[in-house]
Each structure stands twice: as C-alpha cells, then as structure tokens.
Amino acid sequence: MTTLPATMFAIVQTHDGYSGAATGPALADAADWLAEAELPVPAPGPGQVLIRLRAATVNPSDIHFVKGEYGQPRVKGAAAGFEGCGDVIATGSGAEALQDQRVAFVAAGAGAWAEYVVTQAQMCIPLRSDISDEDGAAQIVNPLTAMAMVDIAREAGDAFVVSAATSQLGKLMCSLGRDLGLKPIALVRRAEAVESLKQVGAAEVLVTGDPKITQQFAAISTALKPRVFLDAVADQLSEQLFCAMPNGARWVCYGKLSSDLPRLTQMGQLIFMRKRIEGFWLTRWMMDTPLADQMRVIAEVQARFADGRWKTDISERLALRDVLPNLASALKKSDGKVIITP
Ligand SMILES: NC(=O)c1ccc[n+]([C@@H]2O[C@H](COP(=O)([O-])OP(=O)(O)OC[C@H]3O[C@@H](n4cnc5c(N)ncnc54)[C@H](OP(=O)(O)O)[C@@H]3O)[C@@H](O)[C@H]2O)c1
C-alpha cells in the first residue's frame, strides 16, 4: 500500500472560463496564466485512477486552454495540463484492473502538470515496457490524431497536404503517410526543415514564406491531386492553397497555430466544386469511434513507437518547479516537445 503525502506541488490555472480571444498557443510569460500551488492530493472516484506522474507533455492545446481559447472552460486554481504518463497508485471502484500499471493518460478536465493526477480509467492506456516514459507522455493526443486524420486522407486519394509539418503531429502524419504508400505534401515555415521533412516521409515540401508558394503549390496540386488538406495553421495562405486544390477537396482545420483569421475568397468553389471546410477534434473522434477500432489504433500506435517508426522529438525537459519561470522560453524552441517531470 503506497503511503501518500497530504499535498502535492502543481502548476495551476489562474483564470476561469473562456477569454473570448484567439491569440494562438504562444506565451509571453507563463505567469500571465499560471501559478505554482500546493494542492491536496486528489482521491479517485468511481471509474477513476490516481496516477503518480512520470512525465507530462506540453501540447499547443494546453496553452490554448490556459489562455481560455480551447473547447472547454478553465477552472481557476485547478492544475493545468492534459497529457502524460505515470503509475496508477490508487483506483476507484471499477478501475481496479489498472492498479500498479504504468499508463499513458489524458486528464480530460486537465490536471497533468502536478505530482499526482486523477483521471478516468477509460482515458488511460497501459504502456508496453519497451516504450519510454517520454514517448509514453505523448502517446495519445498526437498519435491518435495522426492515425485518424491520415485515415481521412487515405479514403480520399493518394496525396494529402499537411501544414505546420515540423510539428510533432505533422511529422507523425508524414511518416505514416509514406508508410501507407501515400504522398504527403508538407508545408513548413523554416527552409532549413525541408530536407529533414523529406527524410521523415514528405513527398514534397514547400516553404510558406517563399514568394512563389502559391504557384509552386498549384503545380503540385495539379500533378498529385491532393483532396484533403490537414491544416493546423488556418491562415489566409491556407485559404489560398485550399482554393488551388482540385474538385471535391476538403479543408480539415484541426488547429489554430496562427492568430490570423482567414477570409473566404471563393465561395463558388463550395457550390460548384463540391469543396468542403470542416474541423477535426480528437475528443469527438473518441466519442464517435467504436471501442474495438480505438483499441486497434492504440495497438498500432504503440507498435510504431516500440519499433522506432515513430518517436517523440524533445526540445526541452523542465521539472515541475521550473515550469513557471522557464515555460515561455522553452516553447520558443523549434522541433520538439517540452516535457515536464515531477
Ligand atoms: N484537433 C485535434 O484533435 C488536435 C489533436 C492534436 C493536435 N492538434 C493540433 O495540432 C497542431 C500541432 O500540434 P503538435 O503538438 O504536433 O505541435 P508541436 O509539436 O508543439 O509543434 C508546433 C509547431 O508548429 C509550428 N508553428 C507554430 N506556430 C505556427 C504558425 N503560426 N504557422 C505555422 N507553423 C507554426 C512550429 O514549428 P516551426 O517553428 O518549425 O515552424 C511549432 O514548433 C496544434 O495546432 C494542435 O493544437 C489538434
């Protein structure tokens, strides 16, 4: 029986509800939105587990959330952070099967940036022993989204477009696309990322700041006929590229990395070319996808991490007690995740 302390260190939200703004997942100073706190160690209720944190990842959704611009309201004084990995040290009724397991988890109401985390048992995935804690900490949100969205692309043709392709999710989708015999067309901001994206699996890589980007994209679009645009940027360039895509193309917006709000310039394409603009949210996918299909996807995700086809690139590791002063500068580094450890 594990003896638990009465309190734990946590990084907590300092605002309630929504902000009404859409400024993107950048931080000037973490202290604008977060604070350090000593909280009571939570107790698991029915169907819940208590996890001792090993590692948490920092995703753009965490930053949107603490700034009040995510799909659920903030709770002032509650711990931040959605995703991580740790050991189940106590269970509520109905969740006993997870006792003592090392799991990847999502804390749906947030709470991962703390020494101890309570979440629903159904939001936990027992981890294979050959998966590291750091890969385990980023095992759910991006990998499941990558699997689900590449599946959408695969049903629509051989080629698909991925923006912010240097993001962890972008890289997962390019390599999965290549492995499935598809042709990912990657959009990146940094010219120096072109070669590495090709190695990851992109068939074509375009640099968004290139003055000829729209002509370059139009030529590739004519040749490869991508019918799905998996877009985490959603700015005016995205709209222009969507307009250059062929009949029946779908602009699937799943992130808002840019704070620029695009203007629709060619409404006729929606009418005459059967083009569609839609969203994707993993939370909705999990609600709508039968459990057996989710289990198959989860097994494939773990297999890909275990055999090295996928990995989590890490730009910085922060101890929980260093998050407040150092998170903003850590997030400015390109090409990797910030990992938080207790
Ligand atoms: N809808 C869903 O269910 C769902 C699920 C998972 C993730 N997402 C979204 O997927 C996106 C990627 O997530 P991630 O965890 O893979 O991100 P990440 O690894 O943290 O990487 C984000 C990268 O995007 C690039 N970027 C940032 N701002 C940008 C901008 N304004 N324009 C273009 N590129 C920009 C940066 O790369 P460079 O510095 O190299 O340009 C940055 O490193 C996020 O928008 C996230 O919210 C959505």
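Residues numbered from 1 in each chain as written. Predicted model: local features only at pLDDT ≥ 70, side-chain atom pairs only at ≥ 80, totals over all residues. Heavy atoms only, no water.

**Brief notes about the layout of surface pockets**
Turning to step 1, where the next piece is worked out: One number sums up the size of the second largest pocket: a volume of about 330 Å³.
Turning to step 2, where the next piece is worked out: Put simply, the parts of the chain that give the lining of the second largest pocket at least two residues each are helix H3 (141-156), helix H4 (168-179) and helix H10 (291-306).
Turning to step 3, where the next piece is worked out: Here the element with the most residues in the lining of the second largest pocket is H3; it accounts for 7 residues. (1 Å grid on protein atoms, 1.4 Å probe; cavity = no way out; pocket = protein on both sides within 12 Å on 5 of 7 lines; lining within 4 Å. Points joined across faces, edges and corners; volume = space filled by probe spheres on them. Helix = DSSP H or I, 4+ residues; strand = E, 2+ residues; numbered from the N terminus.)

**Describing empty space enclosed by the protein**
Turning to step 1, where the next piece is worked out: Enumeration according to the criterion identifies 1 cavity of 30 Å³ or more in this entry.
Turning to step 2, where the next piece is worked out: The space that makes up the largest cavity amounts to roughly 60 Å³.
Turning to step 3, where the next piece is worked out: Lining of the largest cavity is provided by Glu 239, Phe 242, Cys 243, Leu 264, Thr 265, Gln 266, Met 267, Gln 269, Leu 270 and Ile 277.
Turning to step 4, where the next piece is worked out: Those elements that provide at least two residues to the lining of the largest cavity are helix H7 (236-243) and helix H8 (268-272).
Turning to step 5, where the next piece is worked out: Tallying contributions element by element places H7 first for the lining of the largest cavity, with 3 residues.

**Considerations on the domain arrangement of the protein**
Turning to step 1, where the next piece is worked out: Segmenting the protein into domains produces domain 1 (7-138 + 312-341) and domain 2 (143-283).
Turning to step 2, where the next piece is worked out: One C-alpha centre belongs to domain 1, the other to domain 2, and the line joining them spans 29 Å.
Turning to step 3, where the next piece is worked out: Facing 14 residues of domain 1, the contacting portion of domain 2 comprises 9 residues.
Turning to step 4, where the next piece is worked out: Between the two partners, domain 1 and domain 2, sit 2 salt bridges.
Turning to step 5, where the next piece is worked out: For Asp 335, the salt bridge goes to Lys 171, with nearest N and O atoms at 2.9 Å.
Turning to step 6, where the next piece is worked out: Split into classes, the residues belonging to the side of domain 1 that touches domain 2 amount to 5 nonpolar, 6 polar and 3 charged. (Domains from an automatic or database assignment. Contact = heavy atoms within 4.5 Å. Salt bridge = Lys/Arg side-chain N within 4 Å of Asp/Glu carboxyl O. Nonpolar A, V, L, I, M, F, W, Y, C, P; charged D, E, K, R; others polar.)

**Focus: the sheet that holds strand E10 (residues 204-207)**
Turning to step 1, where the next piece is worked out: If you walk across this open sheet you meet the 6 strands as E10-E9-E8-E11-E12-E13, and the pairing is parallel. For this open sheet the edge positions go to E10 and strand E13 (276-279), each flanked by a neighbour on one side alone. Averaged over all pairs of adjacent strands, the angle between strand axes in this sheet comes to 20°, irrespective of strand direction.
Turning to step 2, where the next piece is worked out: Sitting on the sheet, H3 is in contact with strand E8 (159-162), strand E11 (228-231) and strand E12 (250-253), with an inclination near 165° to E11. (Pairing = 2+ DSSP bridges. Axes fitted to C-alpha atoms, helices over the stretch in contact; angles between N-to-C directions.)

**As for the site of the ligand**
Turning to step 1, where the next piece is worked out: The immediate surroundings of the ligand are formed by 23 residues, with Thr 166, Leu 169, Leu 282, Ser 334 and Lys 337 found nearest.
Turning to step 2, where the next piece is worked out: The contact in question runs from an oxygen atom of the ligand to an N or O atom on the backbone of Gln 168, over 2.8 Å.
Turning to step 3, where the next piece is worked out: Between the ligand and Arg 189, the relevant distance is 2.7 Å, taken from an oxygen atom to a side-chain nitrogen or oxygen of the residue.
Turning to step 4, where the next piece is worked out: When the ligand sits alone it has 940 Å² of accessible area, and the protein chains cover 85% of it. (Near = heavy atom within 4 Å. Polar contact = N/O pair within 3.5 Å; in protein donor to acceptor, adjacent residues only side chain to side chain. Areas by Shrake-Rupley, 256 points an atom, 1.4 Å probe, with all protein chains shown as cover.)

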